[in-house]
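Structure at a glance
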Amino acid sequence: MKAARFDYERPANLDAALALLGNEGAFAKVLAGGQSLGPMLNLRLVRPDLLVDVRRIPELTQAATHDGALILGAATTHAAIEDGRVPDATRGMMAAVASGIAYRPVRNRGTIGGSLAHADPAADWPTCLAALGAEALIAGARGQRAVPMREFLASAFETSLRADEILEAVRVPVLSARARWGFYKVCRKTGEFAQGIAAVVDDPERAGARVAVGATGSAPIIIEDAGALLRRPFDAGAAARLLRERGLGGDEIDMQIHVAALKRAILRLH
Amino acid sequence: MSAKPIAMSINGRKVEAAVEPRLSLADYLREHLLLTGTHLGCEHGVCGACTIMIDGAPARSCIALAVACDGAEIRTIEGFDDDPAMAELRLAFGECHGLQCGYCTPAMLIVARDIVLRLPEADEARIRVELSGNLCRCTGYVGIVKAIRQVLDKRRG
Ligand SMILES: Cc1cc2nc3c(=O)[nH]c(=O)nc-3n(C[C@H](O)[C@H](O)[C@H](O)COP(=O)(O)OP(=O)(O)OC[C@H]3O[C@@H](n4cnc5c(N)ncnc54)[C@H](O)[C@@H]3O)c2cc1C
Ligand code: FES
Ligand code: FES
């Protein structure tokens, strides 16, 4: 199918983009890589009046380490992260996660910010960044605010971004040399959206072990102080009880898939 | 919704036009420029049939807007006549039965070339992973994978 009519602007900078979004009376949507919005426009699941293309805005393409954290512009593509064309703060975790998202032609266009703003519960970045303790840096007419993933990811396709705000960057704490990570995504076909995801980050010099379980149908489940879960041998019963307690819905099979993803992520800690 | 001016390079040729913002790059190439080697299947990013090169990297043309590709360098299957890797792949696809109906073939060749140039050490498992975003309803992939392996093996010497 083809998209319905809309208008298109490509502002040169963040302020101009925010001004376009702040225009009352027109339903404007941000366009980044178009790898989620493109299909939605073609299927006419969304019918904006105006697309504001942010892919080339300088603030959104930055990538630098400051004060123990990597600031990664929202318009950084999955492929740039996969290839190590941006600095690595996570001992290879983000590059590995990026390489498992969709297919190379999609990764060449799709962005980390677009993925977070879209907040598909089955997407990879929300779960990965939640485990890493990342923050969303959000630009609005009244300045910038930093929002931790736990708050940013509200529910399925729901974030704390307001319609007149732009996700400018993500802030990812640099892992220490002693940190270990594990990630596992259950999907039937290579590159598909996940049926279950687990991300584990264990950094003894920072917050300790943090676990995020995704593809829950809603926001990822984030477990702080997750040291007990990491003990060997893995206790599947205890993990299932914990996930149920934290609100994981679905039937026995869904539970089995999420517990398996968690077990495999923990076994892959390195 | 007024038409927007765009200028891009397509297969090395400068092109200027005014397009409706909703026009996909695929439709611009096929309907306006009659470059019908780029095929359309699903039109939502899944099947891979529309894959072309945007600024030197493979991308889906069905979910790229022509207007957003203003200033870009586009290369479609019609633009590879003199490309050495593509010449090797064309031959190998023929020899190894890498195509039947040919619907998926232009995009398969573009992705195959990306594998050959970006991942010169790729083994069969890696080739299959890299091909997972391009669907073929005919061949069962065996001939396609064999063709890519043949080119990689020859290049490795
Ligand atoms: C075939 C296929 C398979 C896929 N498989 C996977 C997968 O396995 N795992 C996975 O995680 N993803 C997958 N994806 C989705 C892909 O990762 C997208 O790249 C990503 O979801 C959206 O990023 P984008 O830059 O393309 O955003 P767009 O499509 O441009 O935008 C998506 C949404 O976010 C908003 N938005 C974008 N950027 C910003 C910003 N900076 N500030 C505010 N709002 C913004 C847009 O308004 C829109 O609502 C797949 C996509 C396709 C087509
Ligand atoms: S037509 Fe573009 S991916 Fe199917
Ligand atoms: S040869 Fe017919 S779809 Fe691939």
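Residues numbered from 1 in each chain as written. Chains lettered and ligands numbered in written order. Predicted model: local features only at pLDDT ≥ 70, side-chain atom pairs only at ≥ 80, totals over all residues. Heavy atoms only, no water.

Bringing the overall build of chain A into the picture now. A count of helical and extended segments in chain A gives 10 helices and 14 strands. At 18 Å, chain A has a C-alpha radius of gyration in line with the 18 Å of a compact globule built from 270 residues. Its C-alpha atoms give chain A principal-axis dimensions of about 55 × 40 × 30 Å. Out of the 270 residues belonging to chain A, those deemed buried represent 54%. Residue pairs at least 24 apart in sequence account for 61% of intrachain contacts in chain A once pairs closer than 6 positions are excluded. Of the roughly 11500 Å² that chain A leaves accessible, carbon and sulfur atoms contribute 49%. (Helix = DSSP H or I, 4+ residues; strand = E, 2+ residues; numbered from the N terminus. Rg over C-alpha atoms; globule rule 2.2 N^0.38 Å. Buried < 20%, exposed > 50% of the residue type's maximum accessible area, 1.4 Å probe, protein only. Contact = heavy atoms within 4.5 Å. Areas by Shrake-Rupley, 256 points an atom, 1.4 Å probe, with all protein chains shown as cover.)

Entries for chain A in the domain assignment read domain 1 (7-53), domain 2 (58-173) and domain 3 (181-267). Taking only C-alpha atoms into account, the centre of domain 1 of chain A sits 34 Å from that of domain 3 of chain A. (Domains from an automatic or database assignment.)

The next point concerns the nonpolar core. Ranked by size, the top nonpolar core spans 59 residues in total, and within it M94, W125, L129 and M149 of chain A carry the most contacts. For this core, the leading source of residues is helix α7 (residues 124-131) of chain A, giving five residues. Here L129 of chain A is in contact with M94, I112, L116, A134, M149, V170 and V172 of chain A, once residues within four sequence places are set aside. Core analysis: the second largest hydrophobic core is formed by 29 residues, L31 of chain A together with I52, I54 and I74 of chain B among them. (Core = buried A, V, L, I, M, F, W, Y, C linked by side-chain atoms within 4.5 Å.)

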